[in-house]
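What the coordinates show
Listed below are the residues making up each chain.
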Amino acid sequence: MTTSRRLADKKTQKFEKNITRRGIVPETTKKESNYPVGPVLLGFFVFVVIGSSLFQIIRTATSGGMA
């Protein structure tokens, strides 16, 4: 058996083995994080929301009601 024939047979066997495993993949390929948003971005969002609501309350209180 020649070298090229041996290499061709080895490649064929490898290909045939992969054919039977086609479609079998793990559920996830990377580690899932607990948060879809980073903690820094979440903190910034909370700061903006709470800060704007406090600013609105102070502004309403100093203007004397609905203005």
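Shown above is the structure to which this text applies.
Residues numbered from 1 in each chain as written. Predicted model: local features only at pLDDT ≥ 70, side-chain atom pairs only at ≥ 80, totals over all residues. Heavy atoms only, no water.

Things to note about the overall build of the protein
Inclusion rule: Each helix corresponds to a stretch of at least 4 residues labelled H or I by DSSP, and each strand to a stretch of at least 2 residues labelled E; elements are numbered beginning at the N terminus. Each residue is assigned to one of three classes by its accessible area relative to the maximum for its type, calculated with a 1.4 Å probe on protein chains only: buried under 20%, partly exposed between the two thresholds, exposed over 50%. What sets the accessible areas is the Shrake-Rupley method with a 1.4 Å probe; for residues, cover comes only from the shown protein chains.
When helices and strands are tallied, the protein shows two helices and zero strands. Buried positions account for 0% of the 67 residues belonging to the protein. When the accessible surface of the protein is summed, it comes to about 7,000 Å², and 64% of that surface belongs to carbon and sulfur atoms.

Some remarks on the pattern of salt bridges
Rule in force here: Salt bridges are identified by distance alone: a Lys or Arg side-chain nitrogen within 4 Å of an Asp or Glu carboxyl oxygen.
For the structure shown, the criterion picks out one salt bridge. A salt bridge links Asp9 to Arg5, with the nearest nitrogen and oxygen atoms 3.9 Å apart. Within this pair, Asp9 and its partner Arg5 are both found in helix α1 (residues 3-20), separated by four residues, close to a single helical turn. With relative accessibility at 24%, the residue Asp9 sits in the partly exposed group.

Thoughts on a nonpolar patch on the surface
Rules: Patch construction takes residues with relative accessible area above 30% that form no salt bridge. Like charges are linked within 9 Å, and nonpolar side chains (Val, Leu, Ile, Met, Phe, Trp, Tyr) are linked within 5 Å.
Taken together, Val37, Leu41, Leu42, Phe44, Phe45, Val46, Phe47, Val48, Val49, Ile50, Leu54 and Ile57 make up a surface patch of nonpolar side chains, about 1,200 Å² in accessible area. Relative to the elements of secondary structure, Val49 occurs in helix α2 (residues 39-63).

Side note on the environment of Ser63
We apply this condition: Here a polar contact is recorded for every N or O atom pair within 3.5 Å, except that within protein the pair must consist of a potential hydrogen donor and a potential acceptor, and residues adjacent in sequence are included only if both atoms are side-chain atoms.
Residue position: Ser63 is located in helix α2. Exposure remark for Ser63: the relative accessible area of 43% places this residue in the partly exposed category. Separated by 3.2 Å, the side chain of Ser63 and the backbone oxygen of Thr60 make a polar contact.

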